[in-house]
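Here are the chains, one letter per residue:
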Amino acid sequence: MITPHEAARVTMRTQLRTAVPGTELSGAAIEKMAAEAEISVVEPGTTICSSASPTNDLWFQIEGVLKEQLWSEDDTVLTVRFLGPGSFISAAPCLPTPWGYRAAFVVHDRATIARLPRAAWLQAIQSLSPIRTSYLVSWGWRAVTRRLLRKVQLLSLSMPERVKLELIELARTVGRAEEFGVVLRTIVSDQDLAHLVGGS
């Protein structure tokens, strides 16, 4: 009988094929990452990586819901986004910033996470053509920049507009289509939504 970790590896192999559009990781690279990944089930409230403990590790989210958060110097919390299954979690957004913000990826709803050994993901990158490697690197930093730019732009809108746009984004990232609409895979409280829109 297949174990939960073996089932997670099967799911991970499928997710890795489409995790970064345009890169087309080789079958051997996907197999190596899935085979060598350190898979664990993580409880809500657990920090995956943060500015307090910089690392070169790379994680892959197989199941559950995470959130990327920022804390200002006065401990005001801003949630940048919620993440659903099939997301890479890089420590890049958690690097110390010159303007004093601290960042972290935190488990929102019980999640299955794969920690990818450095050798495995380096081999995966090396299996790509130079053009696709450049695309992958730039894709990662563009994604960080886009998220922060979007959040800054969001704060210039009225509160009803912010709430509307964040609910649409939640439906896209952690929602599933049902007969009569979209149902979120997790509970999002009033406080969670306030952290998303920069309100209280």
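Residues numbered from 1 in each chain as written. Predicted model: local features only at pLDDT ≥ 70, side-chain atom pairs only at ≥ 80, totals over all residues. Heavy atoms only, no water.

Draft legend 1. Representation of the pairing of strand β4 (residues 77-83) in the model. With respect to burial, β4 is a largely interior element, six of its seven residues being buried. Across six bridges, the pairing between strand β3 (residues 58-71) and β4 is antiparallel. By the bridge assignment, Leu70 is partnered in β4 with Leu78. (Buried < 20%, exposed > 50% of the residue type's maximum accessible area, 1.4 Å probe, protein only. Helix = DSSP H or I, 4+ residues; strand = E, 2+ residues; numbered from the N terminus. Pairing = 2+ DSSP bridges.)

Draft legend 2. Layout of empty space enclosed by the protein. Evaluation of the coordinates by the stated rule reveals one cavity of 30 Å³ or more. Taken together, Val80, Arg81, Phe82, Glu166, Glu169, Leu170, Thr173 and Leu196 make up the full set of residues lining the largest cavity. Residue assignment for the lining of the largest cavity shows that the elements contributing at least two residues are β4 and α5 (159-174). Per element, the largest residue contribution to the lining of the largest cavity is four residues, and it comes from α5. (1 Å grid on protein atoms, 1.4 Å probe; cavity = no way out; pocket = protein on both sides within 12 Å on 5 of 7 lines; lining within 4 Å. Points joined across faces, edges and corners; volume = space filled by probe spheres on them.)

Draft legend 3. Examining the pairing of β3 more closely. Buried residues dominate β3, accounting for 12 of its 14 residues. In this sheet, strand β5 (residues 87-90) lies alongside β3 in antiparallel orientation, the contact comprising four bridges. Paired with Leu58 across the two strands is Ser90, which belongs to β5. Relative to strand β6 (residues 102-116), β3 runs antiparallel, the two sharing 12 bridges.

Draft legend 4. Broad picture of the packing of aromatic side chains. Scanning the model with the defined rule gives one aromatic pair in all. Where Phe60 meets Phe88, the ring centres are 4.9 Å apart and the plane angle is 65°; that geometry is what we call edge-to-face. Of this pair, Phe60 sits in strand β3 while Phe88 sits in strand β5, and the two are 28 residues apart along the sequence. Given the relative accessible area of 0%, Phe60 is considered buried. (Phe/Tyr/Trp six-rings, centres within 6.5 Å; stacked < 30°, edge-to-face > 60°.)

Draft legend 5. Broad picture of helix α6 (residues 190-197). By the criterion of burial, α6 is predominantly enclosed, with six of the eight residues buried. Within the sequence span of α6, burial applies to Asp192, Leu193, Ala194, His195, Leu196 and Val197. The first or second residue beyond α6 is Gly198, which carries a positive phi of 75°.

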